Amino acid sequence: MLGKIRERLRAGTLLDRVVFTVAALSFLAVCPMLVARIIERNWFMVTLDAILLVMFAFIAVNVMRGRYLDVSRRILGVFMVLGMIGTTTMGDTGNAYWLYPGFIAIFFMFSPIVALSIAVLVSVTVFPFLYERFAATNLFTLYATLLPTVLFIYFFSKDLRAQHKTLSMQATEDYLTQTGNRRAFNDEAQLCIDALNKSNASNVLILFDMDHFKRLNDAHGHVTGDSVLKDVSNIVQGCLRSTDKLYRLGGEEFGIIVRHALLSDALGIAQKIRQSIDNNKNEHLPDYTVSFGIAELLKNESVEDWMSRADKALYQSKQNGRDQISIA
Ligand SMILES: Nc1nc2c(ncn2[C@@H]2O[C@H](COP(=O)(O)OP(=O)(O)OP(=O)(O)O)[C@@H](O)[C@H]2O)c(=O)[nH]1
């Protein structure tokens, strides 16, 4: 059980691990309080603690299963904000120092600008309570140190997010055509397989490959060849629905995953692409054609099996004279 949890968390991001740890620790912290309140027969607090337990369990389980991550993170964030205000305004003055870890943690739960706004709001909300209890110099020191702490985390998390966005784009995007790359294709294909196993969702793969691309490169040069690859990507993108995704699988071969579609839908899309390429008259580029192979995902198929059947259909199109569509 523990091994499984560790394995699932390792597959997630640092953010997921932080959210899971906070939710799991909060769950464990509330358990003895619930027992104490049952013994005290304080039914109002028992109900409150029970709600907290359910929420923390809900968050931890969802993060472990890799679903509803954003919602779970935000729910935990709201609990943390309420917890921060509660802790700071009640009890000992020393409780105010919980604001530091609290403010750091909310940057894990919300976007930098939302977290910054929450930090400002919490600071303003708790100020009247702290003003009554703290000596003026201590209160000044508290706020003067909280401010740079929050600003530092804000700029740090903003920069981290931008870096993360760039890196994940580089990891999943083809640099030449700005379509998805092979890694992104594999991930999406795996999602299709999971969806088919869970809900019988039908998904279709369209593979297509430039015809006689070597000849085109030899006759017009590699740079023109690159422009043709960009051109065909633009044309194809224009023929797709928002749910269909185009990937460059390598060299001059592309794949389109058509989600929640039947073979007939995919055939319609391939025909539209073929027609658009035919109608496309770009005076700066040589004429070109492409060949297609289409395969619907079958039960118990792996990504490789699915691709292999589409590839066989594509080969058939090449064998039959190119510039045509074959179905597996
Ligand atoms: N310009 C350009 N050419 C590429 C790129 N990647 C692969 N190629 C070329 O694509 C060509 C593929 O040649 P082949 O596999 O023989 O296929 P083909 O000439 O298209 O022939 P058929 O597929 O049978 O119609 C090779 O000449 C590669 O150099 C690229 O990124 N840019």
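Please read all numbers here as calculations on a predicted model, not as lab measurements. (Residues numbered from 1 in each chain as written. Predicted model: local features only at pLDDT ≥ 70, side-chain atom pairs only at ≥ 80, totals over all residues. Heavy atoms only, no water.)

**Q** Give me the lowdown on the domain arrangement of the chain, citing residues and values where you can.
**A** Considered domain by domain, the chain is made up of domain 1 (2-172) and domain 2 (182-327). Computed from C-alpha coordinates alone, the two centres of domain 1 and domain 2 are separated by 46 Å. (Domains from an automatic or database assignment.)

**Q** Lay out the nonpolar core in plain terms, naming residues and giving numbers.
**A** With 40 residues, the main nonpolar core has Leu 76, Phe 103, Ile 106 and Phe 107 as its most contacted residues. Only helix H1 (2-11), helix H2 (14-40), helix H3 (43-65), helix H4 (69-89), helix H5 (99-109), helix H6 (112-133) and helix H7 (136-172) provide two or more residues apiece to this core. With sequence-adjacent residues up to four places away left out, Ile 106 is seen in contact with Val 81, Met 84, Ala 115, Ile 118 and Ala 119. Residues Leu 176, Phe 213, Ala 270 and Tyr 288 belong to the second largest nonpolar core, which totals 29 residues. (Core = buried A, V, L, I, M, F, W, Y, C linked by side-chain atoms within 4.5 Å. Buried < 20%, exposed > 50% of the residue type's maximum accessible area, 1.4 Å probe, protein only. Helix = DSSP H or I, 4+ residues; strand = E, 2+ residues; numbered from the N terminus. Contact = heavy atoms within 4.5 Å.)

**Q** Run through the sheet that holds strand E4 (residues 290-296), naming residues and quoting values.
**A** If you walk across this open sheet you meet the 5 strands as E2-E3-E1-E4-E5, and the pairing is mixed. A strand with exactly one partner marks an edge of an open sheet, and here the two such strands are strand E2 (245-250) and strand E5 (325-327). Looking at each pair of strands side by side, their axes are set apart by 20 degrees on average, direction ignored. In this structure, strand E1 (residues 204-210) lies alongside strand E3 (residues 253-258), joined through 6 bridges in antiparallel fashion. In the strand pairing of E3, Ile 206 is matched with Ile 256. (Pairing = 2+ DSSP bridges. Axes fitted to C-alpha atoms, helices over the stretch in contact; angles between N-to-C directions.)

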